Each structure stands twice: as structure tokens, then as C-alpha cells.
Amino acid sequence: MDKTIEHKIVHTVNGHTFPVVGVLHVEGRPIPLLNIRMMSDERERELARKGAAV
């Protein structure tokens, strides 16, 4: 049985930690690709309506 240890690579931005899903190399410089959850336009408009109504 082969046991492997999985290392999770993370990157911190403004105190928030995000998992790194890959790395791009642009002009020799590494740029991490972060797994950041995005909000749908519909949800953003819904929250804006609720905020405006308060």
C-alpha cells in the first residue's frame, strides 16, 4: 500500500488564504492561479436590491 502525503499550496491576499490550482510563467515570473469563488451577476443584483431596500 502506497501512502502519499498531499501538500496543499495556498497563497494569501489581504489576509485571505486561497488554494493555488496552478502557476503561469509570464516573462519568466511565476504567477499563481488562485481558486477564488465568484458570485454570479444575478446574486450580486439580488444583494444590491436588498441593500437598497434597507
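Residues numbered from 1 in each chain as written. Predicted model: local features only at pLDDT ≥ 70, side-chain atom pairs only at ≥ 80, totals over all residues. Heavy atoms only, no water.

Before going further, it helps to spend a moment on the overall build of the protein. Scanning the protein from terminus to terminus reveals one helix and three strands. Counted from the first residue to the last, the protein has its helices and strands arranged as β-β-β-α. (Helix = DSSP H or I, 4+ residues; strand = E, 2+ residues; numbered from the N terminus.)

Attention now moves to the sheet that holds strand β1 (residues 10-13). Strands sit in the order β1-β2-β3 across an open sheet of three strands; the sheet is antiparallel. Edge positions in the open sheet fall to β1 and β3 (29-34), since each of these has one partner strand only. Averaged over all pairs of adjacent strands, the angle between their axes in this sheet comes to 60°, without regard to strand direction. Judged from the four bridges that link them, β1 and strand β2 (residues 16-26) form a sheet pairing that is antiparallel. Directly across from His11, in β2, lies its bridge partner Phe18. (Pairing = 2+ DSSP bridges. Axes fitted to C-alpha atoms, helices over the stretch in contact; angles between N-to-C directions.)

Take a nonpolar patch on the surface next. On the surface, a cluster of nonpolar side chains totalling about 410 Å² of accessible area is made up of Val21, Leu24, Val26, Ile31 and Leu33. Looking at the nonpolar patch, the elements with two or more residues in it are β2 and β3. If one sorts the elements of the nonpolar patch by residue count, β2 sits on top with three residues. Along the chain, Ile31 turns up in strand β3. (Patch = residues over 30% accessible without salt bridge, like charges linked within 9 Å, V, L, I, M, F, W, Y side chains within 5 Å. Areas by Shrake-Rupley, 256 points an atom, 1.4 Å probe, with all protein chains shown as cover. Salt bridge = Lys/Arg side-chain N within 4 Å of Asp/Glu carboxyl O.)

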